[in-house]
There are 2 protein chains.
Amino acid sequence: MPFAEQTAPPTRREQILAAAAELFARHGFHGVGINDIGAAVGISGPALYRHFRSKDAVLGEMLTSISELLLAGAQSRVRDAVDPEESIRALIGWQVDFALANPALITVQERDLGNLADADRQRVRALQRRYVEVWVTTIRRSRPEVGEPAARAAAHALFGLINSTPHSAHLDRGQMTDLLAAMAYAAVHSLT
Amino acid sequence: MPFAEQTAPPTRREQILAAAAELFARHGFHGVGINDIGAAVGISGPALYRHFRSKDAVLGEMLTSISELLLAGAQSRVRDAVDPEESIRALIGWQVDFALANPALITVQERDLGNLADADRQRVRALQRRYVEVWVTTIRRSRPEVGEPAARAAAHALFGLINSTPHSAHLDRGQMTDLLAAMAYAAVHSLT
DNA sequence: CGAGGAAGTTAACGAACGCTAACCGCGGTA
DNA sequence: TACCGCGGTTAGCGTTCGTTAACTTCCTCG
């Protein structure tokens, strides 16, 4: 098949990041050793330092890249929407898809943000602030009577709702997508 | 004043549990040392072992007691409700009040469950299962057309929504209570 | 008044962990 | 062919951490 898109095999860095995400999600950053991460990708211990400057750097790259990805996705979806209502639906859909596709990353992001090195934490916090801002302005565009603090609190509540994914795998993915999106959409429309 | 209800001063154990909850919430179980906990209550280091068998025991008692408290509160509120609809409102109110009153405990429970000693983890898991079950049966009583797996997923989503509290302190408590309850209630009613 | 236990202290041990050092095999290129 | 850098290994270092030991202080009760 001449034109088959052959997806490039994952580089070692990517393998390590994926394995570390899974481990961090299960045991927490401080609960996982460098040896555990190495073992999870078939190398052992300090070989990790051929690919990352430190253990903190693994977490740093993990969280910055997902924050950037989330923000970029949100911005592009809002840009493509034709009215505020569709923007909200698009944002919800984006967050739901992302959370269902990357439960480990979602878990780590909200659990181990405090374990980032200072510089990384500032970067991630800034990206997250901008992500929240996209939601807040979108919500307020569609419901101008909602105050900004309320919109911000509502956005966080929606993240909590949608990111609850890792704690429940009882439905298949399609049904879960529909259920979370419907609940989130209804919750937004409850705002006064 | 003869009949003044003098609230008993907190015992050392309680002080330690409260301080540890705050620290665990901020830095994670493994990110907090025995010395940090001691310092937070004005004693230093190993004095902790006069009150707890181990550091794990601190987390264990913390999470079992809140799980029991949550379950008992939910059961009593459902018992006092006259119809399924009111039961749901009561459960939502209970969880919202609890989350707003104990943000640190909420954070620790969903973050450090995996760091419990095996026996404690089993106990806490069992209590949490029963708590979820109260929600699931209540939801299904009020909306019989919702399947059990969907109800379970919805319950987890509602917990995520309501427990988002620690991540946003932008509203005063009364407004936050109303906002979360309204969003949760609307989300439940979106279930098919 | 004297004994004893509850609650605290500091010192020290042993294990685990992050990281570095020193060394090795191998594939590609001058 | 000789070389060199990339990615891996094991050994070991320094630190931190949970826990125990040994000792002190003080309040209470017989």
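All of the points below concern the structure found in this document. Predicted model, so just to flag it, every value in this text is computed and none were measured. (Residues numbered from 1 in each chain as written. Chains lettered and ligands numbered in written order. Predicted model: local features only at pLDDT ≥ 70, side-chain atom pairs only at ≥ 80, totals over all residues. Heavy atoms only, no water.)

Our next topic: the protein's contact with DNA strand D. Around DNA strand D, the surrounding shell holds 15 residues, and the nearest of these are A:Arg12, A:Arg50, A:His51, B:Tyr49 and B:Lys55. For DNA strand D, the fraction of atoms within 4 Å of the protein that belong to sugar or phosphate moieties is 51%. The contact in question runs from a phosphate oxygen of DNA strand D to an N or O atom on the side chain of B:Tyr49, over 2.5 Å. Here a base nitrogen of DNA strand D sits 3.3 Å away from a polar atom, N or O, in the side chain of B:Arg50. Classifying every residue of the surface near DNA strand D by side-chain character gives seven nonpolar, four polar and four charged. (Near = heavy atom within 4 Å. Polar contact = N/O pair within 3.5 Å; in protein donor to acceptor, adjacent residues only side chain to side chain. Nonpolar A, V, L, I, M, F, W, Y, C, P; charged D, E, K, R; others polar.)

Turning next to the interface of chain B and chain A. Facing the 30 residues of chain B at the interface are 30 residues of chain A. In this assembly, chain B packs against chain A so that about 2,500 Å² is buried in total across both faces, 71% of it on carbon and sulfur atoms. Considering only the surface of chain B that becomes buried against chain A, B:Arg111, B:His170 and B:Met183 emerge as the three largest contributors, covering 20% of it. Joining chain B to chain A, the criterion identifies zero salt bridges. Run the count over chain B and chain A and you get one residue pair in polar contact (both at pLDDT 80 or more). (Contact = heavy atoms within 4.5 Å. Buried area = accessible area lost by both parts, 1.4 Å probe. Salt bridge = Lys/Arg side-chain N within 4 Å of Asp/Glu carboxyl O.)

Moving on, we come to the protein's contact with DNA strand C. Contacts to DNA strand C come from 15 residues, most closely from A:Tyr49, A:Lys55, B:Arg12, B:Arg50 and B:His51. Looking at DNA strand C alone, sugar and phosphate atoms form 52% of those within 4 Å of the protein. One of the backbone N or O atoms of A:Val32 is found 3.3 Å from a phosphate oxygen in DNA strand C. In this structure, A:Arg50 approaches DNA strand C through a side-chain N or O atom, which is 3.3 Å from a base nitrogen. Classifying every residue of the surface near DNA strand C by side-chain character gives seven nonpolar, four polar and four charged.

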